[in-house]
Amino acid sequence: MQTFLLPSRVIIGVLLLGVMVFAQVYFPVLPVPKDNPQTPEKIQLGRKLFYDTRLSADDSLSCSSCHQQQFAFSNAGNAVSTGIRGQKGSRNAPSLGNVAWRKSYFWEGGSPSLELQAMGPLTAHDEMAIEPRVLVAKLQAIPEYQKAFSRVFPEGITMLNVTKAIASFERTLVTNRSAYDKYRAGDEKAMSVAAVRGMELFFGESGDCFHCHNGFNFTTETLHNTGLKKTNPDLGLARITNRPEDAGKFKTPTLRNVALTAPYMHDGSIATLEKALEHYNKGGEDNPNVDMLMRPLGLSKTEINDLIEFLKALTDVEFTRDPRFSAPK
Ligand code: HEC
Ligand code: HEC
């Protein structure tokens, strides 16, 4: 009998290709808009702007005031954020981990790009509240910024270039070094036995989480009403579409670093992961728009604990300490 042997080079080639395809699917290539390529100098400029309180009307707030590195760039501890002059907002500040890959921005998905998104907090009266003309004049009076902008952009300081630089910095905020990532890369000891059980519940029909929290970033980027309340005081998607059936629909957030970002949900109304799991276990409140996938799960206490252990395995401590993302010296 004759065996057919492929040359080893072909076998190795096919294997390598398989690994590459797998890695690609697991963590897709960083999406970068054609008109705003990533360059080291632009990223550093964006980082400086992200941490500069002079970008707010009264020099009191920077982006980092509400998106803090130690909390995976969320505003942990605050149900909603506080803008300039102590004004309370109505929504919870999401983590900016892996924010480059989001399909849309804001809780109802109202902004299509990071560049456009940045205009929101800069100009919102209850956030940084600065007029574009005022901001550009302010920056033009700072020689350091004059120099840095002219090195990166031929036109120098403009509002568009401010948002482009900030967006470039945000695209570098990649979180991919959690215990779960290490486990997936083959380190079986990276996750506890309970966390592995939790992972199986998460990706199985009994937990049902994966229908919405799927993929490398634990979100399908789709919008849902999870029955948070009986009514929908925040209209969510209906703010954009004006359709009653969209009231209370919000973008599915990433669950990476979720153990660091409490309280939870668009309004910060759920204080802990335990309470979040209780909410899912009962299938949410009876809301007219509640998603079909929301149903009582009947999970035991142990199963709930296992799911929480799994969510904790999504914490990437290195991300929260990475000097590339911290305030520039
Ligand atoms: C006063 C607190 C505050 C400040 C300052 C602030 N943000 Fe936010 N950020 C929020 C809140 C709250 C949300 C959610 C708002 C919403 O969805 O309506 C948010 C949402 C975002 C999002 C959307 C994330 C997603 O997944 O949809 C990005 C990106 C972002 N902020 C970046 C920035 C940048 C860049 C700056 C500085 C120019 C900044 N933020 C300043 C509180 C703040
Ligand atoms: C029907 C889709 C859907 C399913 C199923 C689902 N989620 Fe969610 N999840 C969402 C949406 C949408 C939000 C944001 C809701 C809001 O803010 O009103 C969310 C928010 C969360 C949050 C809060 C995150 C944050 O940053 O505020 C946690 C934790 C969470 N989900 C965990 C789970 C777990 C665990 C499961 C499985 C038991 C699950 N989810 C199942 C869609 C879903």
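These numbers come from a predicted model, not from an experiment. (Residues numbered from 1 in each chain as written. Chains lettered and ligands numbered in written order. Predicted model: local features only at pLDDT ≥ 70, side-chain atom pairs only at ≥ 80, totals over all residues. Heavy atoms only, no water.)

## A word on the domain arrangement of the protein chain
Convention followed: Each domain's limits were defined by an automated method or a database of domain assignments. Here a residue-residue contact requires only that any non-hydrogen atoms of the pair lie within 4.5 Å. Computed with a 1.4 Å rolling probe, the buried area is the accessible surface lost when two parts are put together, summed over both parts. Salt bridge, as used here, is a side-chain nitrogen of Lys or Arg placed within 4 Å of a carboxyl oxygen of Asp or Glu.
Here the protein chain is described as being made up of domain 1 (40-174) and domain 2 (179-319). Put simply, the middle of domain 1 and the middle of domain 2, counted by C-alpha atoms, are 27 Å apart. Between domain 1 and domain 2, the contact holds 29 residues from the first and 26 residues from the second. For the pair domain 1 and domain 2, the summed buried surface comes to about 2,200 Å²; carbon and sulfur atoms form 55% of the total. Summed over the three residues of domain 1 that lose the most area to domain 2, namely Arg 102, Trp 107 and Glu 108, the buried surface amounts to 32% of that side. Applying the counting criterion to the domain 1 and domain 2 interface returns 3 salt bridges.

## Notes on the environment of Val 162
Our working definition: Where helices and strands are cited, they refer to DSSP runs of H or I of at least four residues and of E of at least two residues respectively, numbered from the N terminus.
Structurally, Val 162 is set in helix H7 (residues 159-171). In this structure, the C-alpha to C-alpha distance between Val 162 and Gly 198, residues 36 residues apart in sequence, is 43 Å. Non-local contacts of Val 162, meaning those with residues more than four positions away in its chain, are made with Leu 49, Leu 55, Leu 122, Leu 135, Leu 139 and Phe 149.

## Overview of the site of ligand 2
Under the convention used in this document: Any residue with a heavy atom lying within 4 Å of a molecule or strand is counted as near it. By the criterion applied in these results, polar contacts are pairs of N or O atoms within 3.5 Å in which, for protein atoms, one can donate a hydrogen and the other can accept it, and in which residues neighboring in sequence qualify only through two side-chain atoms.
As a matter of local geometry, ligand 2 sits amid 22 residues, with Cys 209, Cys 212, His 213, His 266 and Tyr 280 nearest to it. One nitrogen or oxygen atom from the main chain of Met 265 is found 2.7 Å from an oxygen atom belonging to ligand 2. For ligand 2, a nitrogen atom lies 2.6 Å from a polar atom in the side chain of Tyr 280. Listing elements by their share of the shell around ligand 2, those giving two or more residues are strand E2 (250-251) and helix H11 (273-281).

## Regarding the coordination of the iron atom of ligand 2
Here is the rule: In this analysis a donor is any N, O or S atom within 2.8 Å of a metal ion (3.2 Å for sodium, potassium and calcium), and since water is not included, sites may seem incomplete. For four-coordinate sites, all angles between 85 and 135 degrees define a tetrahedron; for four- and six-coordinate sites, opposite donors beyond 155 degrees with the remaining angles between 65 and 115 define square planar and octahedral shapes respectively, and all other cases count as irregular. The rule is simple: take the accessible area with a 1.4 Å probe, protein chains only, and divide by the maximum for that residue type; under 20% is buried, over 50% is exposed, in between is partly exposed.
For the iron atom of ligand 2, the protein coordination sphere consists of His 213 (NE2) and Tyr 280 (OH), at 1.9 to 2.1 Å. For the iron atom of ligand 2, the 6 donor atoms in the first shell make angles of 82 to 179° at the metal, a pattern classed as octahedral. Taken together, the residues span a long stretch of sequence, with His 213 in the loop between helix H9 (193-202) and strand E1 (223-224) and Tyr 280 in helix H11 at a distance of 67 residues. Of the residues examined, His 213 reaches a relative accessible area of 9% and is grouped as buried. Tyr 280 gets classed as partly exposed once you look at its relative accessible area, which sits at 25%.

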